[in-house]
Amino acid sequence: MLIRFHGENLLYFNNFDIEFDEQLNVITGETGAGKSILLKALQALLGNKTELPAGNGCYLEALFDPSENLKRQLRDLSLEEDELVVSLTIGKRWVYRLNGRMFPQSTVAQLFEDEVQFHQQNSQTSLLKPRNQIALIDSFYDSKELLEEYQNVYREYRETEKYLSDHREEILQKRLDELQAQLEYFEKVNPSLSEEKELREKYERMVKFQELSEMLAVVLSILEGESEGSLRNLWNILHKLEKNKHLLPTGFVELLEEIVEKSEELSRIAKTTLEEMEIEDLRSIEERIWDYNELKRRYGPELEDVMKYYENIKQERDRLAEELLKLKQAVQKISVLRKNAFDLAKKIHSARIEAAKQLEYQIENHLKDLSMSTKLTISIRELKDLTLTGISEVDFLILSHKNEQAPMKNVLSGGELSRMMLALELAIANRFFSKTLIFDEIDSGIGGLTGNVLGIKLSKVSKSLQTIVVTHLPQIARFADRHFVVEKTEQSKMILKMLSGEERKKEMVRMIGGEQILWGEES
């Protein structure tokens, strides 16, 4: 419940302070005095997006006695729940505070969404919209949980539908096959940075070994072959020369003997070296190196790039495999979701048909009290496809002078439409979770005895819900439990004050048009 509303530097108001009654509160004043500005300021304070004619330095504040619903939300925000002070400081930025702590506008708006309900003169514009007409009907039965369940299923159904339209199994499968083929090639080669380095080193070593072995083979062929200069022939020659050693230069035979011995040692070493050389098949090494070069040509340029690419496509393969599984599950899931959504939508549709009958009945009773005998029919047709609100298409129809049903906006005059909207407002007033109802000049086009009936109805509503009304009708003002008036001062400023006793009687007389109008006296 709203207890106090305070403001500073709001347009022509230097300062105002209102302490509301828990039942019917009425605000009156001359046309243009600024009554509606006060309610706009209250809307802004409660987080509603509205154009507020207030400049820098404007400050608004309200004190609430929280409902149980509001207390739960305050606990979630770690705020004191016994009372709530909401404030708004207007400058270059609008700064909201709850019990002294700053919060974003969206949090404030959500907090008061179900706490305070505004009904304004132009409400008929929004009430004529189909989505709002559906909301009106839904307020006449316990719809919240059922609607939430349906909308959750509906959103999941639409998301699954969109997912299926954005993903094609054959495209995913084709890409998965490509990745699998690449991975199989990788795994067949089974590359590693260390092996490539070893292969390069081994290849270079084997090439050198091959060259050395060829040269050593030539040496052995010279030393041990059948030629005249072979080691075997040199030994034979050495033996023959020793017999005629005295005929040769001194030391010749000894030198030849040394050469033969050294050649024999050289032959032995060459044979041993050839035997110890691990000469592998260069062709197998070259084929392995070619595999590495082919990988780098495709996915390189370096082997590090190749290994990184391998890890990437492995991850992509796993992701696509999961995506493909999800896609197959979505194909099976969507038919179940569609069936569940239709089952829930049919329950909601049936409940709306029954609720529409109750709403029709209440509206007709209010219309009779407001001296209007129009016949209202709420048409609810079943749609073939699902929408966010279900499968119901709603229209408020009026019986025209041609005895044909037509949308009420096409049949009713401005005054009649105002009364129809007023009957709607009264019918739904206590159907919301709100603890405070605020009516801004909804009495447009109403007067006389009808105004008195409206006053009685608002007074009745206020017995269960705090009600605040801006009005021009004394018939309504007379039922006020607390009466406020907005007046203009000589300095063209506005003041707001609470009336009692004689002040209230004077204001009622002014609203009627003065003593002369009240008693029929000529001026």
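See above for the structure.
Notes on the structure in this doc start here. (Residues numbered from 1 in each chain as written. Predicted model: local features only at pLDDT ≥ 70, side-chain atom pairs only at ≥ 80, totals over all residues. Heavy atoms only, no water.)

Right, let's talk about the side chain of Lys296 for a bit. Along the chain, Lys296 falls in helix 11 (residues 282–299). The class of Lys296 is buried, set by a relative accessible area of 17%. Within polar-contact distance, the side chain of Lys296 engages the side chain of Glu196 at 2.7 Å. In this structure Lys296 touches Glu196, Arg200, Pro301, Glu302, Leu303 and Val306, once residues within four positions along its chain are discounted. (Helix = DSSP H or I, 4+ residues; strand = E, 2+ residues; numbered from the N terminus. Buried < 20%, exposed > 50% of the residue type's maximum accessible area, 1.4 Å probe, protein only. Polar contact = N/O pair within 3.5 Å; in protein donor to acceptor, adjacent residues only side chain to side chain. Contact = heavy atoms within 4.5 Å.)

This part covers the pairing of strand 3 (residues 24–29). For strand 3, the tally of buried residues reaches 6 of 6 residues, placing the bulk of the element in the interior. Burial along strand 3 is two-sided: the face carrying Leu24, Val26 and Thr28 and the face carrying Asn25, Ile27 and Gly29 are both buried. Relative to strand 13 (residues 466–470), strand 3 runs parallel, the two sharing 4 bridges. By the bridge assignment for strand 13, Ile27 is matched with Val470. As defined by bridge partners, strand 3 adjoins strand 14 (residues 482–488) across 5 bridges and the pair is classed as parallel. The residue bridging Asn25 from the neighbouring strand is Arg482, located in strand 14. (Pairing = 2+ DSSP bridges.)

Let us look at the environment of Leu238. Note on placement: Leu238 falls in helix 9 (residues 231–243). Those residues in contact with Leu238 that sit more than four places away from it in its chain are Val253, Leu256 and Glu257.

At the junction of Gly300 and Pro301, the peptide bond is cis and its omega measures out at 25 degrees in the coordinates. With respect to the secondary-structure elements, Pro301 resides in the loop between helix 11 and helix 12 (303–369). With phi around 50 degrees, Leu11 is a residue other than glycine that occupies positive phi space. By the element assignment, Leu11 lies in the loop between strand 1 (2–10) and strand 2 (13–19). Assessed through its relative accessible area of 38%, Leu11 is described here as partly exposed. One non-glycine residue, Asn99, adopts positive backbone phi at about 50 degrees. Locating Asn99 in the fold gives a position in the loop between strand 6 (94–98) and strand 7 (101–103). Of the residues examined, Asn99 reaches a relative accessible area of 27% and is grouped as partly exposed.

Once their charged atoms are close, side chains differing in charge can pair, the charge on each being opposite to the other. Applying the stated criterion across every chain yields a total of 31 salt bridges. Put simply, Glu19 and Arg4 hold a salt bridge, and the shortest N to O gap is 2.9 Å. Here Glu19, found in strand 2, pairs with Arg4, found in strand 1; they are 15 residues apart in sequence, far enough to count as distant. On the basis of relative accessible area, Glu19 is assigned to the partly exposed category, the value being 41%. Two residues, Glu161 and Arg158, come together in a salt bridge whose shortest N-O distance is 2.7 Å. Here the residue Glu161 and the residue Arg158 both occupy positions in helix 6 (residues 144–166), the gap between them amounting to 3 residues, near one helical turn. For Arg158, a relative accessible area of 23% gives the class partly exposed. (Salt bridge = Lys/Arg side-chain N within 4 Å of Asp/Glu carboxyl O.)

Let us now look at helix 11. Along its 18 residues, helix 11 runs 26 Å from first to last C-alpha, staying within 8% of the 26 Å computed at 1.5 Å per residue. Within helix 11, burial applies to Leu282, Ile285, Arg288, Ile289, Tyr292, Glu294, Leu295, Lys296 and Tyr299. Tucked into the core, helix 11 has its buried residues touching helix 7 (169–189), helix 8 (193–224) and helix 12. (Expected span 1.5 Å × (residues − 1).)

Turning our eyes to something else, we now look at the sheet that holds strand 10 (residues 390–399). Spatially, 3 strands are ordered 9-10-11 in an open sheet, and the strand pairing comes out antiparallel. The sheet is open, and its two borders are formed by strand 9 (376–387) and strand 11 (405–407), each paired with just one other strand. Neighbour-to-neighbour, the strand axes of this sheet turn through a mean angle of 45 degrees, independent of strand direction. Here strand 10 runs beside strand 11; their pairing, made up of 3 bridges, is antiparallel. Following the sheet pairing, Leu399 is matched in strand 11 by Gln405. Each of strand 9 and strand 10 is contacted by helix 5 (residues 130–138), which is oriented at about 95 degrees to strand 10, the strand it contacts most. Together, strand 9 and strand 10 form the strand contacts of helix 6, whose direction differs from that of strand 9 by roughly 40 degrees. (Axes fitted to C-alpha atoms, helices over the stretch in contact; angles between N-to-C directions.)

A separate point is the packing of aromatic side chains. All chains considered together, the criterion is met by 9 aromatic pairs. Relative to Tyr310, the ring of Phe186 has its centre 5.0 Å away and its plane inclined at 45 degrees; by these criteria the two rings are tilted. Remark: Tyr310 occurs in helix 12 and Phe186 occurs in helix 7; sequence separation between them is 124 residues. In terms of burial, Phe186 and Tyr310 fall into one category: buried. With 4.6 Å between their ring centres and 10 degrees between their planes, Tyr299 and Tyr309 make a pair best called stacked. In this pair, Tyr299 sits in helix 11 while Tyr309 sits in helix 12, placing the two residues 10 residues apart along the sequence. Judged by its relative accessible area of 26%, Tyr309 is partly exposed. Every member of this aromatic cluster is reached through a ring pair, and the members are Phe186, Tyr299, Tyr309 and Tyr310. Over the face of the ring belonging to Tyr185 we find Arg298, whose NZ or CZ atom lies 4.5 Å from the ring centre. (Phe/Tyr/Trp six-rings, centres within 6.5 Å; stacked < 30°, edge-to-face > 60°. Lys NZ or Arg CZ within 6 Å of the ring centre and 35° of its normal.)

Counting 86 residues, the largest nonpolar core has Leu359, Ile363, Ile378, Leu386, Phe396 and Met420 as the members making the most contacts within it. If you tally residues by element for this core, the top one is helix 12, at 21 residues. For Leu359, the contacting residues outside a window of four places in its chain are Leu136, Ile137, Phe140, Ile378, Phe396, Ala427 and Ile428. Core analysis: the second largest hydrophobic core is formed by 44 residues, Leu2, Leu42, Leu45 and Leu74 among them. (Core = buried A, V, L, I, M, F, W, Y, C linked by side-chain atoms within 4.5 Å.)

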